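Analysis of the macromolecular model
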Amino acid sequence: MKDRPEAYLDYSASTPVDPRVLAAMMPYFSEVFANPSSTHRFGRQAERAIEDARATVAAVLNCRPSEIVFTGGGSESDNLALRGAAWRARASGLPSRLITSPVEHSAVTETVAQLDQLMGFKSEIVAVDRYGLVKAEAFAEACRRGGAMASVIYANNELGSINDLPKLAAIARDSGILFHTDAVQAGGQLSLDVERLGVDLLSLSAHKFYGPKGVGILYVKQGIDLASALTGGGHEAGRRAGTHNTPFIVGLARALELAYQERDERLAHFQKLRDRLIRGVLERVDPAELSGHPEHRLPSHASFVLHGIDANALLMHLDMKGVAASSGSACKTGNPEPAATLLAAGYSAESAKSGLRLSVGRNTTIAEVDYAIEALAEAVEKLGKVQREWAS
Ligand SMILES: Cc1ncc(COP(=O)(O)O)c(C=O)c1O
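Residues numbered from 1 in each chain as written. Predicted model: local features only at pLDDT ≥ 70, side-chain atom pairs only at ≥ 80, totals over all residues. Heavy atoms only, no water.

Once that is clear, we can look at the sheet that holds strand 2 (residues 68–71). An order of 2-8-7-6-5-3-4 is seen for the 7 strands of this open sheet, with the pairing classed as mixed. The sheet terminates laterally at strand 2 and strand 4 (122–125), the two strands that pair on one side only. Adjacent strand axes in the sheet meet at a mean angle of 20 degrees when their direction is disregarded. Relative to strand 4, strand 3 (residues 97–100) runs parallel, the two being bridged by 4 bridges. By the bridge assignment for strand 4, Thr100 is matched with Ile125. The sheet strands contacting helix 3 (residues 41–61) are strand 2, strand 7 (201–205) and strand 8 (216–220), and the helix crosses strand 2 at an angle near 120 degrees. (Pairing = 2+ DSSP bridges. Helix = DSSP H or I, 4+ residues; strand = E, 2+ residues; numbered from the N terminus. Axes fitted to C-alpha atoms, helices over the stretch in contact; angles between N-to-C directions. Contact = heavy atoms within 4.5 Å.)

Written out as structure tokens, the structure is:
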């Protein structure tokens, strides 16, 4: 029993490692420790664990094991996809335009910005609607002008909205443009069947689905020749150098396998709590508006614009009450700037400083949700009063 009530509602930022995942990882720290690239039997044992993990991941993604690249996390996967494809396009004399959206995670936007500013690529940012979803017509128009690759987030980390990937990927394919998706938030919740989605490249990160931090996946469709962004030994078929992190790779695969074996049950739990949270906040907290799509959104994800309330100050008040929340992506929390995602979705600069994300997880209880709603209502009321006094 905790002596003070608490509610961790920031599972979109990170999830705890499942004890079954931890148990699967343990032997690979000190028993099966050899370098998986070594040719002796000890090395081969570690290599076998990595190849088993690769096969497990490939089964969930409905792809070939050889199409899976293990990386050091979601940011690295995004970097490898974008830089690897852009550099390869440059070497082959292909167009240098990179098509993306204004609501991508910073691992994508910053990589595209660097390619634009330092490497002579030209980025084209396609408009999104009020929910942060990419407008298909605008995307098609951008693709018709040609490009090296397009990158569109699967489920948005700040708004929870889910893009129609099969449609967008088909548009890119028709224009001969490689299509990458950052599926980091979608991992463990939405279908990752790459055949159905029609994507060429897809990024995932284990710590969003009850696996360890610092390990991720990049799916690379067979036949796509990425330039390695990390050069060295020929690991991962020359696509990502560095001695394999055997325990983390084993943990990632076990976490992904469990997430999809138990998906129906997990999603039912998330959805029930998320809907209770949304209902409660809209009823109890004035002036809360649901942001992101009301239906096409991640089952675990609720987000709001609390008009007139400074989100960063609110996060501190919530923290004092034991409620863990976020004003957007974890990487941006504490940043006094208006959220670029909300601005792109058409919110004013003022409203874009009032974004709040609450995300539920496997351990979330009804009591936690109810406590968080009351704590939020109190904090907003108090903060609103203080802000009004300051303004008068
Ligand atoms: C959509 C999205 N992409 C990429 C990342 C980065 O993943 P990682 O933390 O594994 O680097 C995150 C993490 O929050 C994310 O939400």
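We now examine the pattern of salt bridges. Enumeration over the complete set of coordinates arrives at 19 salt bridges. One salt bridge connects Arg20 with Asp18, and the closest N-O pair in it is separated by 2.9 Å. With a relative accessible area of 4%, Asp18 lands in the buried category. A salt bridge links Arg240 to Glu76; the shortest N-O distance between them is 2.6 Å. Placement of Arg240 in the loop between helix 9 (235–238) and helix 10 (246–261) and of Glu76 in helix 4 (residues 74–91) is noted, with a sequence separation of 164 residues between them. Classification of Arg240 by relative accessible area gives buried; the value is 16%. Within the structure, one salt-bridge network assembled from shared partners comprises Asp18, Arg20, Glu262, Arg266 and Arg362. (Salt bridge = Lys/Arg side-chain N within 4 Å of Asp/Glu carboxyl O. Buried < 20%, exposed > 50% of the residue type's maximum accessible area, 1.4 Å probe, protein only.)

A word on the nonpolar core. By size, the foremost hydrophobic cluster in this structure holds 55 residues, and its most contacted members are Leu61, Phe139 and Phe179. Ranked by residues supplied to this core, first place goes to helix 10 with 8 residues. Excluding anything up to four places from it in sequence, Phe179 contacts Phe139, Ala150, Val152, Leu165, Leu168, Ala169, Ala172, Val199, Asp200 and Leu201. The next biggest cluster of nonpolar side chains, apart from the first, holds 34 residues, and it includes Phe304, Leu314, Ala325 and Ala379. (Core = buried A, V, L, I, M, F, W, Y, C linked by side-chain atoms within 4.5 Å.)

Let us look at the site of the ligand. What surrounds the ligand is a group of 13 residues, the closest being Gly74, Ser75, Asp182, Ser205 and Lys208. One of the backbone N or O atoms of Gly74 is found 2.8 Å from an oxygen atom in the ligand. Ser205 has a polar side-chain atom sitting 2.6 Å from an oxygen atom of the ligand. Protein contact buries 88% of the 390 Å² of open area that the ligand shows by itself. The element best represented in the shell around the ligand is helix 4, accounting for 3 residues. (Near = heavy atom within 4 Å. Polar contact = N/O pair within 3.5 Å; in protein donor to acceptor, adjacent residues only side chain to side chain. Areas by Shrake-Rupley, 256 points an atom, 1.4 Å probe, with all protein chains shown as cover.)

Gaps left between atoms are located by rolling a probe of water-molecule size over the structure's atoms. As enumerated under the stated definition, the model contains 2 cavities of 30 Å³ or more in all. If you go around the largest cavity, you meet 14 residues; those closest to its centre are Thr15, Gln189, Lys208, Phe270 and Ser300. Classifying every residue of the lining of the largest cavity gives 5 nonpolar, 7 polar and 2 charged. Within this model, the second largest cavity holds a volume of roughly 60 Å³. The wall of the second largest cavity is formed by 12 residues, among which Glu158, Ser327, Leu342, Gly355 and Leu356 lie closest to the centre. When contributions to the lining of the second largest cavity are tallied by element, the ones reaching two or more residues are strand 10 (301–306) and strand 12 (355–359). Broken down by element, the lining of the second largest cavity gets its largest block of residues, 3 residues, from strand 12. Here the lining of the second largest cavity is built from residues that sort into 5 nonpolar, 5 polar and 2 charged. (1 Å grid on protein atoms, 1.4 Å probe; cavity = no way out; pocket = protein on both sides within 12 Å on 5 of 7 lines; lining within 4 Å. Points joined across faces, edges and corners; volume = space filled by probe spheres on them. Nonpolar A, V, L, I, M, F, W, Y, C, P; charged D, E, K, R; others polar.)

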